[in-house]
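So the chains spell out like this:
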Protein chains: 4
Amino acid sequence: MQLGMIGLGRMGADMVRRLTKGGQQCIAYDVQAAAVERLKQDGVAGASSLEDLVAQLDKPRAVWLMVPAAVVDATLDKLVPLLEPGDIVIDGGNSYYHDDIRRGNELGARHLHYVDVGTSGGVAGRERGYCLMIGGETEVVKRLEPIFSTLAPGAGSAAATPGRQPGSSTADQGFLHCGPQGAGHFVKMVHNGIEYGMMAAYAEGLNILHHADAGKHAREVDAETSPLRRPELYQYDLNLADVTEVWRRGSVIGSWLLDLIAGSLVSDADLKDYAGRVSDSGEGRWTVAAAIDEGVPTPVLSAALFARFSSRGDADFANRVLSAMRHDFGGHVEKSAEPSASGGQKS
Amino acid sequence: MQLGMIGLGRMGADMVRRLTKGGQQCIAYDVQAAAVERLKQDGVAGASSLEDLVAQLDKPRAVWLMVPAAVVDATLDKLVPLLEPGDIVIDGGNSYYHDDIRRGNELGARHLHYVDVGTSGGVAGRERGYCLMIGGETEVVKRLEPIFSTLAPGAGSAAATPGRQPGSSTADQGFLHCGPQGAGHFVKMVHNGIEYGMMAAYAEGLNILHHADAGKHAREVDAETSPLRRPELYQYDLNLADVTEVWRRGSVIGSWLLDLIAGSLVSDADLKDYAGRVSDSGEGRWTVAAAIDEGVPTPVLSAALFARFSSRGDADFANRVLSAMRHDFGGHVEKSAEPSASGGQKS
Amino acid sequence: MQLGMIGLGRMGADMVRRLTKGGQQCIAYDVQAAAVERLKQDGVAGASSLEDLVAQLDKPRAVWLMVPAAVVDATLDKLVPLLEPGDIVIDGGNSYYHDDIRRGNELGARHLHYVDVGTSGGVAGRERGYCLMIGGETEVVKRLEPIFSTLAPGAGSAAATPGRQPGSSTADQGFLHCGPQGAGHFVKMVHNGIEYGMMAAYAEGLNILHHADAGKHAREVDAETSPLRRPELYQYDLNLADVTEVWRRGSVIGSWLLDLIAGSLVSDADLKDYAGRVSDSGEGRWTVAAAIDEGVPTPVLSAALFARFSSRGDADFANRVLSAMRHDFGGHVEKSAEPSASGGQKS
Amino acid sequence: MQLGMIGLGRMGADMVRRLTKGGQQCIAYDVQAAAVERLKQDGVAGASSLEDLVAQLDKPRAVWLMVPAAVVDATLDKLVPLLEPGDIVIDGGNSYYHDDIRRGNELGARHLHYVDVGTSGGVAGRERGYCLMIGGETEVVKRLEPIFSTLAPGAGSAAATPGRQPGSSTADQGFLHCGPQGAGHFVKMVHNGIEYGMMAAYAEGLNILHHADAGKHAREVDAETSPLRRPELYQYDLNLADVTEVWRRGSVIGSWLLDLIAGSLVSDADLKDYAGRVSDSGEGRWTVAAAIDEGVPTPVLSAALFARFSSRGDADFANRVLSAMRHDFGGHVEKSAEPSASGGQKS
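Computed from a prediction, not measured in an experiment: that's the story for all the values here. (Residues numbered from 1 in each chain as written. Chains lettered and ligands numbered in written order. Predicted model: local features only at pLDDT ≥ 70, side-chain atom pairs only at ≥ 80, totals over all residues. Heavy atoms only, no water.)

## Observations concerning the overall build of chain A
(1) Moving on: Helices and strands together make up the secondary structure of chain A, namely 14 helices and 8 strands.
(2) Moving on: Taking the principal axes of its C-alpha atoms as reference, chain A extends roughly 75 × 45 × 45 Å.
(3) Moving on: Within the span of chain A, comprising 347 residues, buried residues form 66% of the whole.
(4) Moving on: Of the side-chain charges in chain A, 33 are positive and 44 negative, and the distance between the mean point of each set is 3 Å. (Helix = DSSP H or I, 4+ residues; strand = E, 2+ residues; numbered from the N terminus. Buried < 20%, exposed > 50% of the residue type's maximum accessible area, 1.4 Å probe, protein only. Lys, Arg positive; Asp, Glu negative; His and termini not counted. Charge placed at Lys NZ, Arg CZ, Asp CG, Glu CD.)

See the structure below:
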């Protein structure tokens, strides 16, 4: 099947490569000509402009956008006037599903079809395949199945779920039509919300293990500091590369994320290459916002989100308010950083 | 190698079977004679009492306890007087590592060796193998390697971690000597703490998906209830069995726990077989307590723990305090249960 | 000064009474004629319809809406066509500040002035006065000062803040022009968010005290239950009415909310009149949503919000997911309710 | 009544002054002779050593310790041998109630009485009086009432609680015998836990207000950053000194802590004098540990505690784990600090 791909960044280019390798025909375009050139050298057809891309596609066209969420609308503003009734636009990036619903209505008014695809898989997706969560009209999604099944990992990528009727859904192959427009990005949004929570669970647990030698570091005795009552309980020097490795076999917490952590710790046991300023690209925020709208409690997912905010210093004013109160009611003076007892960088 | 096993419950009996199948020689004992009988029928040697067990073992003996954490000390009180210097006692249950340190000292004074083994794997362990996190004296742990390597899943049970020196540690086989006494259960404790957080991340995310049709249910308009401002955004009927199935292939949140959820949802999409009273067997509590001792923030792991407490009604008095305050400052009267909008049991 | 009041519920009627007592002239209207009658009996002028209300007011008119947030727009739809350029509409309810910004623009296009007033004080406000957080055009807010200063508690209601320039702002009197349209409800929204957090802090703390006798209740010993390791530490029978009373004098946590709790506990030490289903009327949700938009961590305020959701059963599906996972990996069977150890209703 | 006071720091010296002014007879001692001298100049009797202190006291003696929790035991080691059966030792500091129970037993074995007093009031206590939460034997506590009633604020310091029987308990005067040994510090511990929660509620809310101008600061558009979707909603420049001042009058969140914040913000609107490294002196940790023992959910109190840990950098390793995972699955590169958008120090 033929597909136009707009956006040849990290994800888009790899998806074109996987589609091409899987026998689909891609025409690739990016605002940066160099990105198009790189794919051309891999034998992929390229386009020099949106007009050129649209011209090269057979009708009804299928165009996949793989651009940052913040520029989808600007891209659509230029693309949509070039399209014709019956054409399909697929947004495979990390759009907010609110925007999908709006865009679906806007494009529908022009008799264009809009499909939203939440795409998971990251840099490993080219080889492993991508997990695709899809929203849109049933007939249109059906029409795109050759694309989806080529991008997806396939049924063999995981053991069959006991009790599950084989082939009862394309979910077994790694792509799923979740519902009407927005449903794909809604499910992907929650996927990422869960991802935040899982990542934080690992990170917090490893931090406890990292500080399991706390009893070896003397702590000052003063009215500002809670002493460690039983230092003999915190005398462990744990090898986290080994610990995460052992958890990969037979434990309850095995996962792909754990595989990645185990790999990171092999080469850099203290993760000194990172400063610990953790970005969030939106889905975690939207997940918690959806939970609040629905009245569903998400203490874990929100704690994970807020830990990222705090990692970037965004609790600073709140912390100063706390210090000011402590000063005013108790005469407490702020302590400066304590190199030995404070956490991160152990000698 | 020869091993005495005390405690033939769910875990202990399966471990004996795996050891026997792997060529190790087990002598099995349980306070319930029937449990011993069941294993005897599988060709395993049984003991009729602790004395009988000890008598059947070659010196220096190795005895593995697989009993509830709450009865380990009572069992040791009876077992220890029967042992001789050089014998090894292994606690493979879910003991608090504080107890390991104490017991290690107590048994050491009698020239007995104490080894603590955090054992993960659950009911699947008999086939998959068990992930073993081990604390104790280096030489003693070394001596027990045939046992550990038979119980563990083996190197082939997971792909090699890129960059990792093959054979640099037994972690690659699924068992690890983590450090001195208590280290095994310390690492297992944190493993379970992470497990709580991961489980809660999935549970919260699925709850959001479960309520993605919130816009279809009219909510009352009154001063006590926050209206859903944009019901058109919550019109999705999601098939969670399919959603969790699709996530098993290529997504970032793939894991063994997800595999299990996908299986549960196949047969019971609303999980009506469960009431949602979630137990906690200690490790989650101890993990948070350790974090507090170390001064390490664990907002996610503690939120997961507290959600379990709340699931059992242990926030009730706090909630009544809130309602009383609301009544007194704002004249707010408690609303009774709202069958349509409240979450759990959708029709 | 003359003011039309629309909405004579709990809050609106009391505000009319306070204004009237303070020498302002009110004309009162409510869709329920009985509510108007009640105020007429107190000597307040009443209106029989919106038209009647508008007709009785001198130009430029000032009309205060004190109606549920969910019906403000419907009320404005009827009121606005009756007004003339230069008239002022004040929304004193709990509107979302997003709506204020929209309404300010809509009314501004008709040369009407829109003022949003976050009003705190609850049922005690008639006597204590109301804390007013105001958003709108500076000149318009200035014009309404007689109304605001009559509703507000006045400077004498709290001791002067040391170091503060007397009269540097009307804040000292209990009302404040916070900024342009929406600013009043924005500040009120965060006020309520803080209120959620404070209430939860008290509620959680009192719950700990309520269970300080946990060591007196035997807990089962099984693999599903974490035993209380040192029951001798939880042998206290605390009188919470006395504890909250003593905190009212000289402690760091004294507050008006604490005064209310102390009062509630006098008559009903176990708060048996409440079921503990805690409503939320919107501001707590909006506060967390604003924090997320701003990238500001609010772990405490969101935990307080989610505890309310959970109190109404909205975590149920998530809890069932947890139980299903525990069953599937560990063979754990859900325990039924434990009357003795579970929290709320102690014998 | 006569009292020996050991420990003349911030709290101890002020308590001696209040007792002396209230007609009680104090003999003051501190390991730092200069501290004794300062009180002597105020007309208080001083002691040059523990022996001297004990010699000057009439039998049965009453000795109050007001020293850091970490040195109570060392002080008792020296003091106890000097005392005689029937003497009373009062620990008025911030001891862990576990220690009270142990010390009560140890001193009881020598026929000495041990009383634990949780003392709240901070630097304002000398004038306002101290809120006293007391644990110990009933008869002994009764004997010390002259001391307690002089230290406490007195009934007039707060309005009577409606419905409360006047004089039904000394709680109305600001001191309370809570229960047996440890009960005083248990109640004080939870008091401080609540204090953490309340402080965090204010701090988080004020942080939201502090960033209410977020829409004025352009944020980068890239795949790492969630854009602010509606900047027009965050255009407020709020004067937090005024906002906290207005909340002091008639609002639901009025409190002594709020009075203090309002004062801090008058002189330093951005609280630039503080770095925001917030200490914790133990009670918050112990409160959460007690909640965990009891199985009582405390999501708010623990979130407040963990925010303090994070303010001191103790989440650093966890954050690096998050960044490493994001790099490995998504190719995400950490962003460096964003001076304009990051929270704390606005220009």
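Resuming the write-up.
## A word on the domain arrangement of chain A
Accessible area lost upon the coming together of the parts is a frequently used measure of interface size.
Residues and elements named next belong to chain A.
(1) Moving on: The domain boundaries assigned to chain A delineate domain 1 (2–156 + 171–181) and domain 2 (188–238 + 275–330).
(2) Moving on: Centre-to-centre, using C-alpha coordinates, domain 1 lies 37 Å away from domain 2.
(3) Moving on: With 8 residues of domain 1 at the interface, the matching set in domain 2 holds 6 residues.
(4) Moving on: Contact with domain 2 buries surface across domain 1, with Asn94, Tyr96 and Met133 losing the most and accounting together for 62% of the total. (Domains from an automatic or database assignment. Contact = heavy atoms within 4.5 Å. Buried area = accessible area lost by both parts, 1.4 Å probe.)

## Examining the interface of chain A and chain D
(1) Moving on: Facing the 77 residues of chain A at the interface are 77 residues of chain D.
(2) Moving on: Buried surface at the junction of chain A and chain D, summed over both partners, amounts to about 6,800 Å²; 59% is from carbon and sulfur atoms.
(3) Moving on: Among the residues chain A hides against chain D, the three largest losses belong to Phe317(A), Arg320(A) and Phe329(A). Together they make up 12% of the total.
(4) Moving on: At the junction of chain A with chain D, the criterion picks out 2 salt bridges.
(5) Moving on: Linking Asp99(A) and Arg229(D) is a salt bridge whose minimum nitrogen-to-oxygen distance equals 2.8 Å.
(6) Moving on: Remark: the boundary between chain A and chain D carries 24 residue pairs in polar contact (both at pLDDT 80 or more). (Salt bridge = Lys/Arg side-chain N within 4 Å of Asp/Glu carboxyl O. Polar contact = N/O pair within 3.5 Å; in protein donor to acceptor, adjacent residues only side chain to side chain.)

## Points about the packing of aromatic side chains
Any two aromatic rings considered together are summarised by their centre-to-centre distance and by the angle between their planes.
(1) Moving on: Evaluated as defined, the whole model comprises 40 aromatic pairs over all chains.
(2) Moving on: When the centroid spacing of 6.4 Å and the interplanar angle of 75° are considered together, the rings of Tyr234(C) and Tyr97(D) count as edge-to-face. A residue pair is termed interchain when its members come from two chains, as with Tyr234(C) in the loop between helix H9 (183–210) and helix H10 (240–247) and Tyr97(D) in helix H5 (residues 97–109).
(3) Moving on: Pairwise contacts between aromatic rings join Tyr96(A), Tyr97(A), Phe186(A), Trp286(A), Tyr234(B) and Tyr236(B) into one cluster. (Phe/Tyr/Trp six-rings, centres within 6.5 Å; stacked < 30°, edge-to-face > 60°.)

## Digging into the relation of the copies chain D and chain C
(1) Moving on: Between chain D and chain C, the superposition needs a rotation of 180° and an axial shift of 0.0 Å, giving an RMSD of 0.0 Å. Such a combination of turn and shift is consistent with a two-fold rotation axis. Relative to the rotation axis, the closest C-alpha in chain D is found at Ser255(D), a distance of 2.0 Å. (Least-squares fit on C-alpha atoms with pLDDT ≥ 70 in both.)

## Focus on the side chain of Ser323(D)
(1) Moving on: Within the element layout of this structure, Ser323(D) appears in helix H14 (residues 316–330).
(2) Moving on: For Ser323(D), a relative accessible area of 3% puts it in the buried group.
(3) Moving on: Setting aside chain neighbours within four positions, we find Ser323(D) in contact with Tyr274(A), Gly276(A), Arg277(A), Val278(A) and Glu334(D).

## Focus on the interface of chain D and chain C
(1) Moving on: Contacts between the two partners involve 93 residues from chain D, matched on the other side by 94 residues from chain C.
(2) Moving on: Roughly 7,500 Å² of surface becomes buried between chain D and chain C when both sides are summed, with 67% attributable to carbon and sulfur atoms.
(3) Moving on: At the boundary of chain D and chain C, one finds 40 residue pairs in polar contact (both at pLDDT 80 or more).
(4) Moving on: For the side of chain D that touches chain C, the element with the highest residue contribution is helix H9 (residues 183–210) of chain D, accounting for 17 residues.
(5) Moving on: When its residues are assigned to classes, the side of chain D that touches chain C shows 53 nonpolar, 25 polar and 15 charged. (Nonpolar A, V, L, I, M, F, W, Y, C, P; charged D, E, K, R; others polar.)

## Concerning the sheet that holds strand S8 (residues 175–179) of chain D
All names here are of chain D.
(1) Moving on: One open sheet accounts for 8 strands, arranged S3-S2-S1-S4-S5-S6-S7-S8; its pairing is mixed. The open sheet is flanked by strand S3 (45–46) and S8, the only strands paired with a single partner.
(2) Moving on: Sheet topology note: the strand S1 (residues 2–6)/strand S4 (residues 62–65) ladder contains 3 bridges and is parallel. Pairing of Gly4 across the sheet is with Val63, part of S4. (Pairing = 2+ DSSP bridges.)

## Examining the environment of Gly276(A)
(1) Moving on: Among the secondary structure elements, Gly276(A) is positioned in the loop between helix H11 (256–267) and helix H12 (283–294).
(2) Moving on: With a relative accessible area of 3%, Gly276(A) lands in the buried category.
(3) Moving on: As a C-alpha pair, Gly276(A) and Ala183(A) span 93 residues in sequence and 33 Å in three-dimensional space.
(4) Moving on: The residues contacting Gly276(A), other than those within four sequence positions of it, are Ser311(A), Asn319(D), Arg320(D), Ser323(D) and Glu334(D).

## With respect to unusual backbone geometry
(1) Moving on: In the segment running from Lys59(B) into Pro60(B), the intervening peptide bond is cis, with an omega of -10°.
(2) Moving on: Mapped onto the elements of the fold, Pro60(B) is located in the loop between helix H3 (50–56) and strand S4 (62–65).
(3) Moving on: For His111(C), which is not glycine, the phi dihedral falls at a positive 60°.
(4) Moving on: Mapped onto the fold, His111(C) is located in the loop between helix H5 (97–109) and strand S6 (113–120).
(5) Moving on: The backbone of Leu271(C) sits at a positive phi, close to 50°, despite the residue not being glycine.
(6) Moving on: The topology assignment puts Leu271(C) in the loop between helix H11 (256–267) and helix H12 (283–294).

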